[in-house]
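Results of the structural survey
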Amino acid sequence: MIKALAYLGVNSPNHEQWPAFATEFLGAQLADPGPDGAVRIRIDDAVWRIQVHPADQDSVAYFGWQVDHEEDLDVVIAALADAGVTATRGGQDLAEARNVNQIISFDDPWGFHHEVVWGQETAIGTFLPGRPISGFVTGQQGLGHVLLLMPDIEKGHEFFSGVLGFELSDKIIVPGRLNARFYHVNARHHTLALGECPPGVAGFNHLMLQVRSMDDVGTAYDMVEEKNIPLTLSLGRHSNDKMFSFYFSTPSSFHIEYGYDGVEVTEDWVPRVHNKSAIWGHVFQPEAAQRAPGIMHALDA
Ligand SMILES: [Fe+2]
């Protein structure tokens, strides 16, 4: 069914900080703004991959997921209906707003708004990075991965794996500190991760962008001090996907993991349980405790 993360949309009062942040630091490119003034960000030949819409407060607008064939949208609608979730077919206006050919949308049990799309508009050979980097790993692996926080990740597993077909890559369980599940839908080790958080809230913790060389990560790391980037986790390497990365807050409450060298899952992949999240590094920065763990929202009691 779902084959990749196609795009991400957030609402934010700090949208005006994104053009410089996206180009000078992330190495992304700007597309023309959306009709509402949304900052549209490119990391490959897709016409955009991230939209930051002007708004009074930070919230997740939508996660956009890709299917490979138009008929697959019917399969997603049917699977959701079996689980009691109504998906709506979007009209021409919504499809045009997202630069896709076909689109459906639904809200999950945690209040996240999802869109599933076919036919994302691409302009081959037009991506130009905003700073001298070798580029981003996308293609069939999509935009990157997202980590969602929810109090009940086993229910999350039933929904995202049982209903939507995300396949478990592994778990990381550090008693009292971390309980997370990681899922693949293509060769990327995970496109979706679920992390347990306290009751009453859910949230969007981070987006991972994967660059093509270690130096792309290193040159970004060099800019952290100079550009006052709020570091969340220092440079390190993950135990499960082996991503060489660091984490920082964006101007819009969620974090970005900026990484290189993540492993790819193969057909004979066997899910494992890891008892730590990093082989080395990824030290949580004390000042990050003052910031939100992501774009959080209250759950209905
Ligand atoms: Fe990550």
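Residues numbered from 1 in each chain as written. Predicted model: local features only at pLDDT ≥ 70, side-chain atom pairs only at ≥ 80, totals over all residues. Heavy atoms only, no water.

Section: the environment of S12
Within the secondary structure layout, S12 lies in strand β1 (residues 2-12). Looking at S12, the relative accessible area reads 0%, which means it is buried. As a C-alpha pair, S12 and Q57 span 45 residues in sequence and 5.4 Å in three-dimensional space. When sequence neighbours within four positions are dropped, the list of residues in contact with S12 reads V52, H53, P54, A55, Q57, D58, P251 and S252. A polar atom in the side chain of S12 sits 2.8 Å from the side chain of S252. (Helix = DSSP H or I, 4+ residues; strand = E, 2+ residues; numbered from the N terminus. Buried < 20%, exposed > 50% of the residue type's maximum accessible area, 1.4 Å probe, protein only. Contact = heavy atoms within 4.5 Å. Polar contact = N/O pair within 3.5 Å; in protein donor to acceptor, adjacent residues only side chain to side chain.)

Here's the deal with the packing of aromatic side chains
As enumerated under the stated definition, the model contains 23 aromatic pairs in all. Centroid distance W18 to F254: 5.8 Å. Interplanar angle 15 degrees. Geometry classified as stacked. Taken as a pair, W18 in helix α1 (residues 18-25) and F254 in the loop between β15 (244-249) and β16 (255-260) lie far apart in primary sequence, 236 residues in all. F254 shares its class with W18; the two are buried. Judged by centre distance (6.0 Å) and plane angle (80 degrees), the rings of F160 and F166 are edge-to-face. Neither F160 nor F166 differs from the other in exposure class; each is buried. Ring pairing ties together the aromatic residues W18, F21, F25, F63, F112, F204, Y221, F246, F248, F254 and Y258, which thus form one cluster. Above the face of the Y62 ring, R98 is positioned so that its terminal group lies 3.7 Å from the ring centre. (Phe/Tyr/Trp six-rings, centres within 6.5 Å; stacked < 30°, edge-to-face > 60°. Lys NZ or Arg CZ within 6 Å of the ring centre and 35° of its normal.)

A closer look at the coordination of the iron ion
Protein coordination at the iron ion comes from H145 (NE2), H206 (NE2) and E257 (OE), with a distance range of 2.0 to 2.2 Å. Overall, the relative accessible area of 4% leaves H206 in the buried class. (Donors = N, O, S within 2.8 Å, 3.2 Å for Na, K, Ca; no water.)

Points about the environment of L207
Mapped onto the secondary structure, L207 falls in strand β13 (residues 201-211). The class of L207 is buried, set by a relative accessible area of 0%. Along the backbone, L207 and A97 are 110 residues apart, and their C-alpha atoms lie at a distance of 22 Å. Contacts of L207, omitting those with residues within four sequence positions, involve L5, L8, I50, L143, H145, V146, F254, H255, I256 and E257.

Some details on the pairing of strand β12 (residues 192-196)
In terms of burial, β12 is a largely internal element, four of the five residues being buried. Pairing of strand β9 (residues 145-150) with β12 involves five bridges; the strand directions are parallel. Bridge pairing in β12 links V146 to L192. Note that strand β11 (residues 178-184) and β12 share four bridges and pair antiparallel. Considered in β12, the bridge of A180 is made with G195. (Pairing = 2+ DSSP bridges.)

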